[in-house]
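Fold and geometry: a report
What follows is each chain in one-letter form.
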Amino acid sequence: MAVSAELTNLRPTRVEKLQALLKEKGIFAILISSKPNQIYLSGFRSTNCHLVITGDRAWLLTDFRYFEWAQALEPLWTAVQIDRQYTLNSFLQELRPENLAVEESIVSHSFYKQVGETGIPLVAGDGLVEKLRAVKEPEELEKIQKAEALGDDCYTHLLGWFRPGVTERETALEIQKFFLENGAEGLSFDTICLFGANTSLPHGEPGNAVLKPGDFITLDFGCVVDGYCSDMTRTLALGPITQEQKDFYRIVLEAQMEACKKIRPGITGKEADAFAREIISQAGYGEFFGHGLGHGVGLEIHEAPTLNPSGAEILAENMVVTIEPGIYLPGKYGIRIEDLAILTESVIMKNGYCGIINTVQSSKELIIL
């Protein structure tokens, strides 16, 4: 298999940054088990892979099926072939690091115990690679923007596709069909498509509910392009709707736009969340905004940083986050509006935003079909 220029140009820098973190924290070696972290560091995709990194070396362990590809990643990675006789533990016992960081939240209990049988002192390795992944490189930003542009195209398609009588499940299938027919590798998460009273369920699953006049429609969807995810939510309606529904929508839109205007690098996730939460609380709906304002997006649909009432991480240039306040009235309806934004320290005066570049171009004004 060919090795792309991206692997050659980007991965060494990523590994070097991780090695610097290991030295800073007194970690001799780290075992990378998370698939997204493995892809981020090496570009290697397989069903059997272990990455072991020390302050000055990097090994990629895999079996016969993938070994030739692994060798193509040398000299950055030293390829090691493992099998039933020569295992990961065999390699670790030969390496004998002073300590070994393990991604404890990723591996199973049995795998952790198995590695522990080497007798090597194990330390926590969670979050180290994720910290690097949170700040996106230019090539990553381009891929995310490409995926989100396809999301905009899908939304435009749906505006002309909707009709009374269509079901939630049919709509979800249409979204998947559109993405796959237009170049996406797949969905970045299971599509949320809900009508009417079902929109009060923040993460409800599409069912057989039929679209009828007066319904709100919640569409939360995304795709994967070049390995990177997109994510957007729009709420629209099939008319006629009441003035109460329009006023309700306006509260969420105001909260979302206020957050877009004020979020910037240098603040915490908690501060970002408060921009929208304060407006919703002042309107009397604080108890009905039960999730955080947003989350990071990249190789995974949910990754660092987190924008919620306990988010202590400081937001930085080129992080990519969702901005998605919502209000959900049980048994009645719910509204969520979500953009995917690149944090920037540059002054970008577009639609009143100066701390973010919004990758979603679809209108946020209430569309009544």
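See above for the structure.
Here's what I pulled together on the structure shown here. From a predicted model like this one, the values you see are computed outputs, not experimental measurements. (Residues numbered from 1 in each chain as written. Predicted model: local features only at pLDDT ≥ 70, side-chain atom pairs only at ≥ 80, totals over all residues. Heavy atoms only, no water.)

1. A closer look at the side chain of Gln-245
Along the polypeptide, Gln-245 turns up in helix α9 (residues 243-262). Setting aside residues no more than four positions away along its own chain, Gln-245 makes contact with Gly-214, Phe-216, Tyr-333 and Ile-335. (Helix = DSSP H or I, 4+ residues; strand = E, 2+ residues; numbered from the N terminus. Contact = heavy atoms within 4.5 Å.)

2. Thoughts on the pattern of salt bridges
Considering all chains together, one arrives at 16 salt bridges under this definition. Between Lys-262 and Glu-258 there is a salt bridge whose closest N-O contact spans 2.7 Å. With a gap of four residues between them, Lys-262 and Glu-258 both fall in helix α9, about one helical turn apart. Residue Lys-262 is classed as partly exposed on the basis of its relative accessible area of 37%. The partner of Glu-324 in a salt bridge is Arg-336, and the shortest N-O contact between them spans 3.8 Å. Placement of the pair is Glu-324 in the loop between β15 (320-323) and β16 (326-329) and Arg-336 in strand β17 (residues 333-336), with a sequence separation of 12 residues. Exposure class is identical for Glu-324 and Arg-336. Each is buried. Taken together, the shared-partner salt bridges connect Arg-133, Lys-136, Glu-300 and Glu-303 into one network. (Salt bridge = Lys/Arg side-chain N within 4 Å of Asp/Glu carboxyl O. Buried < 20%, exposed > 50% of the residue type's maximum accessible area, 1.4 Å probe, protein only.)

3. Quick notes on the environment of Ser-34
Within the secondary structure, Ser-34 sits in the loop between β1 (29-32) and α2 (35-42). Linking Ser-34 and His-50, residues 16 residues apart in sequence, is a C-alpha distance of 9.0 Å.

4. A look at helix α10 (residues 269-282)
Along its 14 residues, α10 runs 20 Å from first to last C-alpha, staying within 8% of the 20 Å computed at 1.5 Å per residue. Residue Phe-275 marks the point of greatest curvature in α10, where the axis turns by about 35°. Within α10, the full set of buried residues consists of Gly-269, Ala-272, Asp-273, Ala-276, Arg-277, Ile-279 and Ile-280. Considering only its buried residues, α10 is in contact with α9, β14 (303-307) and β16. Note on α10: the residue one or two positions beyond its end, Gly-284, has a positive phi of about 95°. (Expected span 1.5 Å × (residues − 1). Bend = angle between axes of the 7 residues up to and from the residue.)

5. Points about the packing of helix α4 (residues 88-95) against helix α5 (residues 109-116)
The N-to-C vectors of α4 and α5 enclose an angle of 40°; their axes lie 10 Å apart at closest approach. Seen along the crossing, α4 lies across α5 with a hand that is right-handed. In this structure, α4 uses Leu-88, Asn-89 and Leu-92 to contact α5, whose residues at the interface are Phe-111, Gln-114 and Val-115. Partitioning the contact of α4 with α5 into residue classes produces four nonpolar, two polar and no charged. (Axes fitted to C-alpha atoms, helices over the stretch in contact; angles between N-to-C directions. Left-handed = near helix turned anticlockwise from the far one by under 90°. Nonpolar A, V, L, I, M, F, W, Y, C, P; charged D, E, K, R; others polar.)

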